Amino acid sequence: MLIVSNSSSYCPFRFHKSINNHEIVWWNYHVILLASQEGSTLVYDFDSSLPVPTSGMEYMELTFGGIEDLNPEQSPCFKAIDARDYLNSFVSDRSHMKDSEGNWLSNPPNWPLIGKNGDLPLPALMDFTQSSSERIFSLGEMMALVALLSIPN
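Since we're looking at a predicted model, the values are computed, not measured. (Residues numbered from 1 in each chain as written. Predicted model: local features only at pLDDT ≥ 70, side-chain atom pairs only at ≥ 80, totals over all residues. Heavy atoms only, no water.)

Within this model, the largest pocket holds a volume of roughly 580 Å³. Around the largest pocket sit 21 residues that line it, and Tyr29, Tyr86, Phe90, Trp111 and Ile114 are the ones nearest its centre. Elements supplying a minimum of two residues to the lining of the largest pocket: strand E4 (30-37) and helix H2 (83-89). Of the residues assigned to the lining of the largest pocket, the class counts are 14 nonpolar, four polar and three charged. (1 Å grid on protein atoms, 1.4 Å probe; cavity = no way out; pocket = protein on both sides within 12 Å on 5 of 7 lines; lining within 4 Å. Points joined across faces, edges and corners; volume = space filled by probe spheres on them. Helix = DSSP H or I, 4+ residues; strand = E, 2+ residues; numbered from the N terminus. Nonpolar A, V, L, I, M, F, W, Y, C, P; charged D, E, K, R; others polar.)

Below you can see the structure in the form of structure tokens.
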């Protein structure tokens, strides 16, 4: 799993369903699946207008290409979380969806809360500052990693 955000919680994405393909949509954070096996990488992003799955390099180039001129603070960063750890430990109480007085910013999803006793709370995963306990990859580092994982054995 890749958590995508940055220290300003204002991260650009291209090719997302809610907008025209070449315009940028801004997320405070986004979660995608990066699967790799035997020299192949695939990205599963169900909010993308790209095919699901898309090859890892194609996804990275199309989704984040052309944003180099942005303020460096807005450049996407990545946290890689093992899928099993994410499934077994992720927990969200939806507090990030409420204002300071506890009112919903918008209607919450219909499905139940995710997780109960996990040690990967959403606020910690959304922390892209230097105090984060998880390794943060820059866009260049993540593209290099995806390229390395995509080399046939």
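With that settled, the discussion passes to the nonpolar core. Judged by nonpolar contacts, the single largest core of 19 residues is most densely connected at Val4, Phe13, Tyr59, Met60, Phe64, Phe78 and Met142. At the level of secondary structure, the elements contributing two or more residues to this core comprise strand E1 (2-5), strand E2 (11-13), E4, helix H1 (56-64) and helix H4 (139-149). In contact with Phe13, not counting residues within four places along its chain, are Val4, Glu23, Ile24, Val25, Trp27, His30, Tyr59, Thr63 and Phe64. Judged by nonpolar contacts, the second largest core, of 12 residues, contains Cys77, Ile81, Leu125 and Phe128. (Core = buried A, V, L, I, M, F, W, Y, C linked by side-chain atoms within 4.5 Å. Buried < 20%, exposed > 50% of the residue type's maximum accessible area, 1.4 Å probe, protein only. Contact = heavy atoms within 4.5 Å.)

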